[in-house]
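Structural overview
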Amino acid sequence: MRGWMQPTRHALGALLNEQKRYKEAKKVFEEDLKKWPANLWGMKGLSQSCKGLGEQDQMLKCEENLKFLTKRMDVPLKAACLCSNGVLVQEDKKKVSCCNEEKMV
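One structure accompanies this document, and this report is about it. Residue indices follow the written sequence of each chain, beginning from 1 at its first position. Side-chain atom pairs in this predicted model are given and counted only at pLDDT of 80 or more, local residue features only at pLDDT of at least 70, and totals for whole chains, interfaces and linings cover all residues. The side-chain figures draw on all heavy atoms in the structure; neither hydrogens nor water molecules are used.

Attention now moves to the packing of helix α2 (residues 22-35) against helix α3 (residues 40-53). In the contact formed by α2 and α3, the axes pass within 8 Å of each other and the chain directions differ by 150 degrees. As summarised for this structure, α2 and α3 are arranged roughly antiparallel, according to the angle between their axes. In terms of crossing hand, the pair formed by α2 and α3 is left-handed. In this structure, α2 contributes Tyr-22, Lys-23, Ala-25, Lys-26, Phe-29, Glu-30, Asp-32 and Leu-33 to the contact, and α3 contributes Trp-41, Gly-42, Met-43, Gly-45, Leu-46, Gln-48, Ser-49, Cys-50, Gly-52 and Leu-53. Any residue that is not Ala, Val, Leu, Ile, Met, Phe, Trp, Tyr, Cys, Pro, Asp, Glu, Lys or Arg is counted as polar, Gly included; the first ten are nonpolar and the last four charged. A per-class count over the contact of α2 with α3 returns nine nonpolar, five polar and four charged. Only the stretch in contact is used when a helix axis is fitted, and all axes are lines through C-alpha atoms; the angle between N-to-C directions ranges over 0 to 180 degrees. Under the DSSP-based scheme used, a helix requires at least four consecutive residues in state H or I and a strand at least two consecutive residues in state E, with every element numbered from the N terminus. By definition in this entry, angles of less than 35 degrees are roughly parallel, angles greater than 145 are roughly antiparallel, angles of 65 to 115 are roughly perpendicular, and the rest are oblique. Rotating anticlockwise by less than a right angle from the far helix to the near helix defines a left-handed crossing, while the corresponding clockwise rotation defines a right-handed one. Residue contacts follow a heavy-atom distance rule, with two residues in contact if any of their heavy atoms lie within 4.5 Å.

This paragraph deals with α2. For a helix, the expected span equals 1.5 Å multiplied by the residue count minus one. Taking 1.5 Å per residue, 14 residues should reach 20 Å; α2 reaches 20 Å between its end C-alpha atoms and fits that length. With a 1.4 Å probe rolled over the protein chains alone, any residue whose accessible area is under 20% of its type maximum counts as buried; one over 50% counts as exposed, and the rest are partly exposed. Of the positions making up α2, those classed as buried are Tyr-22, Ala-25, Lys-26, Val-28, Phe-29, Asp-32 and Leu-33. Relative to the axis of α2, the buried residues are bounded by an arc of 160 degrees and lie together on one face. Set apart from the buried face of α2 by more than 90 degrees, the exposed residues are Lys-23, Lys-27, Lys-34 and Lys-35. As for α2, its buried residues are in contact with α1 (8-18), α3 and α4 (56-69). Arc, as used here, means the arc of the directions from the helix axis to the C-beta atoms.

Okay, the packing of α1 against α2 next. Interhelical geometry of α1 versus α2 gives an angle of 155 degrees and a closest axis separation of 8 Å. With respect to α2, the axis of α1 lies roughly antiparallel. The interaxial crossing formed by α1 with α2 has left-handed handedness. Contacts between α1 and α2 involve Arg-9, His-10, Leu-12, Gly-13, Ala-14, Leu-16 and Asn-17 on the former and, on the latter, Tyr-22, Glu-24, Ala-25, Val-28, Phe-29, Asp-32 and Lys-35.

Oppositely charged side chains are able to pair whenever their charged atoms sit close together. A pairing counts as a salt bridge when a side-chain nitrogen of Lys or Arg comes within 4 Å of a carboxyl oxygen of Asp or Glu. Tallied over the full model, the rule gives six salt bridges. The salt bridge involving Asp-32 is made with Arg-9; its shortest N-O contact spans 2.6 Å. Taken as a pair, Asp-32 in helix α2 and Arg-9 in helix α1 lie far apart in primary sequence, 23 residues in all. Note on Asp-32: relative accessible area 0%, which makes it buried. Judged by relative accessible area, Arg-9 falls into the partly exposed class, the value being 23%. In this structure, the salt-bridge partner of Lys-26 is Glu-30, at a minimum N-O distance of 3.8 Å. Placement of the pair is Lys-26 and Glu-30 together in helix α2, with a separation of four residues, close to one helical turn. On the basis of relative accessibility, which here comes to 13%, the residue Lys-26 falls in the buried class. On the basis of relative accessible area, Glu-30 is assigned to the partly exposed category, the value being 30%.

Right under this line is the structure:
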């Protein structure tokens, strides 16, 4: 049985989004989508980047594409990579969520 390689682009972009480095994340996801135009992970990341940058029109286009791409999914897609905890870095403290247990660190 062969393993499935996880592209590092998704992890990098998701982590950049978490750190509110939306401009850098957007570039990562745009490059990913040039290679794989129907990649739902890249599309989700681009949508989140555009939202963070206030680019409403492009974010809505991404969301429309995601509706089609995720139509048959049985698990909700919350971030561009499963390694992402989906929590944005905050100035004073960072809220970390793991295994349905929330902690402040």
